[in-house]
Amino acid sequence: MRRLMWLLALVLLAGCQSVANGRQWEETGSPIAFRLGSQIYTVADVNTEIKRAIGDGIANALAGGQTREQIEQIVVENDLRRQIFEQMIQNELLLHYARQHGIGVDPAALDETVFSRLPTNADPAQALDLRSVLAREQIVFEVIARNTRADMAHARHILVPDEATAKAILAELQAGADFATLASERSRDTVSAAKGGDLGWATRGDFVAPFEEAIFSIPLNTPQIVQSEFGFHVVEVLARETQRPFDSFEQLRTRQNAGQFYQATFVPWYEELRRQAELSGELQIAAGFDPNALPIPFPETP
């Protein structure tokens, strides 16, 4: 049974994969599953999404010796069909929100990404398909980043090996020396030194405890010396904001406490977005529709 736990991981990936689908849902004679604005999503669309999300995994599990009964048990116990359906609604609702609020992508940056991922023998149709995939993905990620928040501090530092050097640099700064110049010339943190010591916006959990405590407590625009396991830092905090939105999904993804920030701020925001969409009638789920009544996508037997 442990080998079937890959199904759980697929649920976590379903969001990104659904975004990557990048197509208009096909009009069929299938009953309606839900409406979002003027767009109709049918039972056949939901079936397609469930098959796309876990169909290959199920086929691989069967080929590996798992039984249909074992697979069905894990699907039912973990409510996978409903989770995939809910993720499908979330992705479409976030794309709908983006259209309403003028959130798009940088065409030049998108094209650069597309061409970097295309095989050398790709045809124009492949390029268009991949562009659609990445555009939808980037828009959803942008909406998530803009609506995930955390307390943040914008700081810069100069890292040196001993306290005497730190005091000398602090004295130079107090005498009017340029922080960025000193950082680029004397900081042992070569990554931030190339940026004049700038560490960008940081959240709690990004740095070791003494440094984190400093950037969230010392006065703004007042360089101070902080000791950590890495040495001595001359630190200046340029700004602090409570519940600041993330600048990008990459900034969110790489944070130590990303999951915590997502759960604490994005999830309540999304739940309210969905509640308002249903209350206004913009989102309508067909009465009696139950994704768990849809078939598990076992491969067809010859």
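Residues numbered from 1 in each chain as written. Predicted model: local features only at pLDDT ≥ 70, side-chain atom pairs only at ≥ 80, totals over all residues. Heavy atoms only, no water.

(A) Geometry of the side chain of His 157. Along the chain, the position of His 157 falls in strand S3 (residues 149-160). Within the structure, the side chain of His 157 is placed 3.0 Å from the side chain of His 233, a separation counted as a polar contact. (Helix = DSSP H or I, 4+ residues; strand = E, 2+ residues; numbered from the N terminus. Polar contact = N/O pair within 3.5 Å; in protein donor to acceptor, adjacent residues only side chain to side chain.)

(B) Region of the structure containing the nonpolar core. One finds Phe 34, Val 46, Leu 94, Ile 144, Phe 246, Tyr 270 and Phe 289 to be the most contacted residues of the largest nonpolar core, which totals 47 residues. Residue assignment for this core shows that the elements contributing at least two residues are strand S1 (32-36), helix H2 (43-63), helix H3 (68-77), helix H4 (80-100), helix H6 (124-146), S3 and helix H12 (258-280). (Core = buried A, V, L, I, M, F, W, Y, C linked by side-chain atoms within 4.5 Å. Buried < 20%, exposed > 50% of the residue type's maximum accessible area, 1.4 Å probe, protein only.)

(C) How the structure looks around helix H7 (residues 163-174). The end-to-end C-alpha distance of H7, which contains 12 residues, comes to 16 Å, matching closely the 16 Å that a straight helix rising 1.5 Å per residue would cover. Here H7 has its buried residues at Ala 166, Ile 169, Leu 170 and Leu 173. Buried residues along H7 cover an arc of 105° about the axis, so they all sit on one side. Of the surrounding secondary structure, the elements contacted by the buried residues of H7 are S3, helix H8 (179-186), strand S5 (224-228) and strand S6 (231-245). The N-terminus of H7 is capped by Asp 162, whose side-chain oxygen sits 3.3 Å from the backbone nitrogen of Ala 164. Just past H7, the residue Gly 176 takes up positive phi, approximately 110°. (Expected span 1.5 Å × (residues − 1). Arc of directions from axis to C-beta. Contact = heavy atoms within 4.5 Å.)

(D) Local environment of the layout of surface pockets. When its volume is computed, the second largest pocket comes out at roughly 300 Å³. Considering the residues around the second largest pocket, the lining is formed by 14 residues, among which His 157, Asp 189, Ser 192, Leu 199 and Phe 207 are closest to the centre. Of all the elements in the fold, those that place two or more residues in the lining of the second largest pocket are S3, helix H9 (190-193) and strand S4 (198-203). It is S4 that provides the largest number of residues to the lining of the second largest pocket, a total of 3 residues. The residue makeup of the lining of the second largest pocket, split by class, is 7 nonpolar, 4 polar and 3 charged. (1 Å grid on protein atoms, 1.4 Å probe; cavity = no way out; pocket = protein on both sides within 12 Å on 5 of 7 lines; lining within 4 Å. Points joined across faces, edges and corners; volume = space filled by probe spheres on them. Nonpolar A, V, L, I, M, F, W, Y, C, P; charged D, E, K, R; others polar.)

(E) Main features of the packing of H2 against H4. Packing of H2 against H4 leaves a shortest axis separation of 10 Å and a crossing angle of 110°. With respect to each other, H2 and H4 are oriented roughly perpendicular. For the pair H2 and H4, the sense of crossing is right-handed. For the pair H2 and H4, the contacting residues are Asp 45, Val 46, Glu 49, Ile 50, Ala 53 and Ile 54 in the first and Arg 81, Ile 84, Phe 85 and Met 88 in the second. (Axes fitted to C-alpha atoms, helices over the stretch in contact; angles between N-to-C directions. Parallel < 35°, antiparallel > 145°, perpendicular 65-115°, else oblique. Left-handed = near helix turned anticlockwise from the far one by under 90°.)

(F) Highlighting H12. Taking 1.5 Å per residue as the helical rise, H12 with its 23 residues ought to reach 33 Å, and the 31 Å between its terminal C-alpha atoms agrees with that figure. Phe 266 marks where H12 bends most, by close to 35°; the proline Pro 268 follows one to four residues later. Listed in full, the buried residues belonging to H12 are Ala 258, Phe 261, Thr 265, Phe 266, Tyr 270, Leu 273, Arg 274 and Ala 277. Backbone geometry just downstream of H12 places Gly 281 in the positive-phi region, at approximately 90°. (Bend = angle between axes of the 7 residues up to and from the residue.)

(G) Structural view of the sheet that holds S3. The 4 strands are arranged S4-S3-S6-S5 in an open sheet whose pairing can be described as antiparallel. A strand with exactly one partner marks an edge of an open sheet, and here the two such strands are S4 and S5. On average, adjacent strands in this sheet sit at an angle of 45° to one another, irrespective of strand direction. Bridging between S5 and S6 involves 5 bridges; their strand directions are antiparallel. From the neighbouring strand, Val 226 faces S6, where its bridge partner is His 233. On top of the sheet, H7 reaches S3, S5 and S6; it is set at about 60° to S6, its chief contact. (Pairing = 2+ DSSP bridges.)

(H) Focus on the confidence of the model for the chain. On average, residues of the chain score 89 in pLDDT, and 90% of them are at 70 or above. Every residue in residues 1-27 is under pLDDT 50, and counting partners more than four places away or in other chains gives 58 contacts. (pLDDT = per-residue confidence, 0-100.)

(I) The arrangement of the packing of aromatic side chains in detail. In total, this model carries 10 aromatic pairs according to the counting rule given. Counting every residue linked through ring pairs, the aromatic cluster contains Tyr 97, Tyr 262, Phe 266, Trp 269 and Tyr 270. Here the guanidinium or amino end of Arg 68 rests over the ring plane of Phe 298, the centre of that ring lying 4.0 Å away. One residue, Arg 204, lies across the ring of Phe 216, its end atom 4.1 Å from the ring centre. (Phe/Tyr/Trp six-rings, centres within 6.5 Å; stacked < 30°, edge-to-face > 60°. Lys NZ or Arg CZ within 6 Å of the ring centre and 35° of its normal.)

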